[in-house]
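Structural features, examined
Each chain, letter by letter, is given below.
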Amino acid sequence: MLTALTTPPDPPAAPQIRVLGPVDIVGTLGKLEASRRHVLIEIASWLILHPGQVRQELDEAIWPGLRISADSRNAYISKLRIWLGRDPLLPATDPQTQYLPPISKGIYALNDQVSCDWHAFQDLYRQGMHDTGTEADTALAQALALMRGRPFSDIDQSRYIWAEHDIQEMISATVDVAHELFVRRLAVRNFRAAASAATRGLTCDPSSEMLYRDMFTLYSETGDRIGMERIAHQLARIAAETGVDSSPETIALINALMDANRIASA
């Protein structure tokens, strides 16, 4: 299970848009105009996450509040099409050989071969959360292995306004997967995998109290008093930085486990 949690996915066979961490595109086959990189990545991210939308919605998402001309938009789309490249397994005369085919009925749509790490995460989520057993746990671990940090990290904060709902959905799903795998691994006393699952989740949401409670429970189970104190201090620091107190549930758990640990050590 630790291997599944720590092994990165295989390189994609076609372009892949990655949003579960710093936003990027890998596996492209064409040339990139470097000065347009950030906008092209944002356009590709919007297209893969919001299929079936018309070009006017693309304009509103990428250039909110601006009157973007058709020529300007088309120029960006053309540069993205060149960067993504063509499917080498299809004949060059086939329109679908381009990873970003020509617009159809007012809609830009990426080739089916273009993937997204968030979609892969969702597939693994369904496999793991809706079943039990080793295969289901492995699917959850593989989903967490896709996480490279907070979704859409390192973006220009003045852009990606359209992505806020997507970001919150990704964070929530990741925390749920990390907690579920933690619970399952703790139940079979696989402490290392349980800790790794919670830690992976915290790289996505460093302020998740549920995952901190998981870690506190783990340290209590293993008798790691130093670890318990470290987690308590981290939660106190987060509360001080955010100005938001820990929840009553978290405080009650910490007090109960600390008291139980003192009694056991006496």
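Everything numeric in this text was worked out from a predicted model, so none of it was measured.

Despite not being glycine, Asp-154 shows a phi value in the positive range, around 65°. Along the polypeptide, Asp-154 turns up in the loop between helix H6 (134–145) and helix H7 (164–187). Residue classification places Asp-154 among the exposed positions, given a relative accessible area of 70%. Positive phi values are uncommon outside glycine, yet Tyr-160 reaches one of about 60°. In this structure, Tyr-160 sits in the loop between H6 and H7.

Moving on: the packing of aromatic side chains. For the structure on display, the rule yields five aromatic pairs. Taken together, a centroid distance of 5.6 Å and an interplanar angle of 65° make the contact between Phe-152 and Tyr-160 edge-to-face. On the basis of relative accessibility, which here comes to 2%, the residue Phe-152 falls in the buried class. Note on Tyr-160: relative accessible area 8%, which makes it buried. Joined through ring pairs, the aromatic side chains of Phe-152, Tyr-160 and Trp-162 make up one cluster.

An order of S2-S1-S3 is seen for the three strands of this open sheet, with the pairing classed as mixed. Every interior strand has two partners, whereas the edge strands, strand S2 (24–26) and strand S3 (115–116), have only one. Bridging between strand S1 (residues 16–18) and S3 involves two bridges; their strand directions are parallel. Opposite Gln-16, over in S3, you have Ser-115 as the bridge partner.

What follows covers H7. Here H7 contains 24 residues, and its C-alpha end-to-end distance of 35 Å stays within 8% of the 34 Å for a straight helix at 1.5 Å per residue. Of the residues trailing H7, Arg-189 is marked for its positive phi of about 60°.

To continue, consider the environment of Lys-105. Relative to the elements of secondary structure, Lys-105 occurs in the loop between helix H4 (70–84) and S3. The exposure class assigned to Lys-105 is exposed, which follows from its relative accessible area of 81%. Once the C-alpha coordinates of Lys-105 and Tyr-219 are considered, the two residues, 114 residues apart in sequence, prove to be 57 Å apart.

Let's shift gears to the side chain of Asn-111. Mapped onto the secondary structure, Asn-111 falls in the loop between H4 and S3. Judged by its relative accessible area of 7%, Asn-111 falls in the buried class. With residues up to four places along the chain from it excluded, the contact list for Asn-111 reads Gln-96, Gln-98, Tyr-99 and Pro-101.

Conventions and cut-offs
Residues numbered from 1 in each chain as written. Predicted model: local features only at pLDDT ≥ 70, side-chain atom pairs only at ≥ 80, totals over all residues. Heavy atoms only, no water. Helix = DSSP H or I, 4+ residues; strand = E, 2+ residues; numbered from the N terminus. Buried < 20%, exposed > 50% of the residue type's maximum accessible area, 1.4 Å probe, protein only. Phe/Tyr/Trp six-rings, centres within 6.5 Å; stacked < 30°, edge-to-face > 60°. Pairing = 2+ DSSP bridges. Expected span 1.5 Å × (residues − 1). Contact = heavy atoms within 4.5 Å.

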